[in-house]
Amino acid sequence: MSATPAMMHGQHTPPARLALLGTGTVGSAVWARLMQWQGSALGERLRLVYAANSRFALGNPAGLPSAATDVLLQQAPQASSLEAVDVALAGDGVRIVVDATASAQVADQHAHWLARGIHVVTACKLGQGTDLARWHAIQAACEAGNTEYGDSATVGAGLPVLRTIRALQAGGDRIHAIAGVLSGSLAWLFNHYDGMQAFSGFVRQAREAGFTEPDPREDLSGEDVRRKLLILARASGYRLEDNAVQVDSLVPAALAGLPREALDAALPMLDAALRERYAAAYKNGAKLHFVARLQADGLATVGLEALPAEHALAGGGGTDNRVAIWSDRYAKQPLVIQGPGAGAEVTAAAMLDDALRIQVEASKAKVLPGRAKNSSMGNGR
């Protein structure tokens, strides 16, 4: 058995205690990954002591067994509440909330937990990709609580995009511009759309495969990409307000206003306009891609573009995200990061990577609940 850092120093480092919020596709993948680690070195570093969805919750200071997953999804013994998270994570040690929800109510609590010495790991973009005031509140709470905000999974499903931007800035580089295909669902749609079959049919396929939100209008509207671009911009030092991004939505007004139960039958409203745009791009030897752009002057845009095959953002397939970064050192030819940008497994892995990093950094510093310079801090502009 290989020695852990704690063993080499002749001491035992207690595991970080985790509260998992959300037991949907991503939350279930997080839980499954934690259960697979039980009895391993990784399992000794993270202990799941509380889990909840919007209806039920389970808690056990000694750790939740793998069999508890089914109990929580079917009939749990206690009601769920955000106040219970503070109780479940009370005490000393490294404490981490793992937010696998898409809940604004939960995101509103991020700053509260951070200020109380509880780290937060999340794939939810509502914390840093909406109101600038909320973004500032998270930064201030990290400073006040000496905690970290693990946000690797908010952009690119864990691709090293935010990590790279922060590493460049830590080395004295300045980010001048960013452009990217930031939506795995929209990447999949436009990688498959051929202008012959109905676009609405591909939307249904993507939803059934779990690539889109349950309401695909959230993806097609560009709102998800807008939030990701704001997160990247703010991490790069551009403190943009949430209304600063110009978004060209793919959802016509008539479709946007329908109740969710009427959505499926109305999806063909998308087809004619997308067929025309595909044909125009094809005639010019280009292909459609849904692109987010941040320019050096702070102009931020999101929308459908026709890109030639040799363009830096035109490669990839499936749900691949592709992000180009221009900076002092990458001024002429951008640094390009590419890889799967959707999927519960890669998202869950990214969230737990953040949790493991927080646990080891706090342990090295011998400070509880954790030494932390907030991972989302960047240079102001």
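Residues numbered from 1 in each chain as written. Predicted model: local features only at pLDDT ≥ 70, side-chain atom pairs only at ≥ 80, totals over all residues. Heavy atoms only, no water.

Side note on the environment of A344
Its location among the elements puts A344 in helix α16 (residues 344-365). The class of A344 is buried, set by a relative accessible area of 18%. In the structure, A344 is positioned 318 residues away from V26 in sequence and 4.7 Å away in space, judged by C-alpha atoms. The residues contacting A344, other than those within four sequence positions of it, are T25, V26 and A29. (Helix = DSSP H or I, 4+ residues; strand = E, 2+ residues; numbered from the N terminus. Buried < 20%, exposed > 50% of the residue type's maximum accessible area, 1.4 Å probe, protein only. Contact = heavy atoms within 4.5 Å.)

Looking at the confidence of the model for the protein
Confidence in the prediction for the protein averages 89 pLDDT; 89% of positions are at 70 or higher. For the stretch residues 1-11, pLDDT sits under 50, and the model shows six contacts to residues farther than four places along the chain or on other chains. Counting contacts from residues 367-374, a segment whose pLDDT is below 50, to residues more than four positions away or on other chains yields 31 contacts. (pLDDT = per-residue confidence, 0-100.)

Structural notes on the packing of helix α8 (residues 161-170) against helix α12 (residues 223-235)
As a packed pair, α8 and α12 sit with axes 10 Å apart at the nearest point and diverge in direction by 15°. Judged by the angle between their axes, α8 and α12 are roughly parallel. Note that α8 runs across α12; the crossing there is right-handed. The residues of α12 that touch α8, namely those facing V161, L162, I165, R166 and Q169, are I231, L232 and A235. (Axes fitted to C-alpha atoms, helices over the stretch in contact; angles between N-to-C directions. Parallel < 35°, antiparallel > 145°, perpendicular 65-115°, else oblique. Left-handed = near helix turned anticlockwise from the far one by under 90°.)

Topic: the pattern of salt bridges
Tallying each qualifying case throughout the model produces 17 salt bridges. The salt bridge partner of D86 is R116, with a shortest N-O separation of 3.0 Å. Taken as a pair, D86 in helix α4 (residues 83-88) and R116 in the loop between α6 (110-115) and β6 (119-122) lie far apart in primary sequence, 30 residues in all. Owing to a relative accessible area of 16%, D86 belongs among the buried residues under this scheme. On the basis of relative accessible area, R116 is assigned to the partly exposed category, the value being 49%. (Salt bridge = Lys/Arg side-chain N within 4 Å of Asp/Glu carboxyl O.)

Comments concerning the packing of aromatic side chains
In this structure the tally under the stated criterion is six aromatic pairs. Taking 5.2 Å as the distance between ring centres and 85° as the angle between the ring planes, the aromatic pair formed by Y193 and F199 counts as edge-to-face. Its relative accessible area of 3% is what places Y193 among the buried residues. The class of F199 is buried, set by a relative accessible area of 1%. Considering the side-chain rings of Y193 and F202, the 6.2 Å spacing of their centres and the 80° angle between planes classify their relative orientation as edge-to-face. Grouping residues by exposure puts Y193 and F202 together as buried. In this structure an aromatic cluster arises from ring pairing among F190, Y193, F199, F202, Y278 and Y282. (Phe/Tyr/Trp six-rings, centres within 6.5 Å; stacked < 30°, edge-to-face > 60°.)

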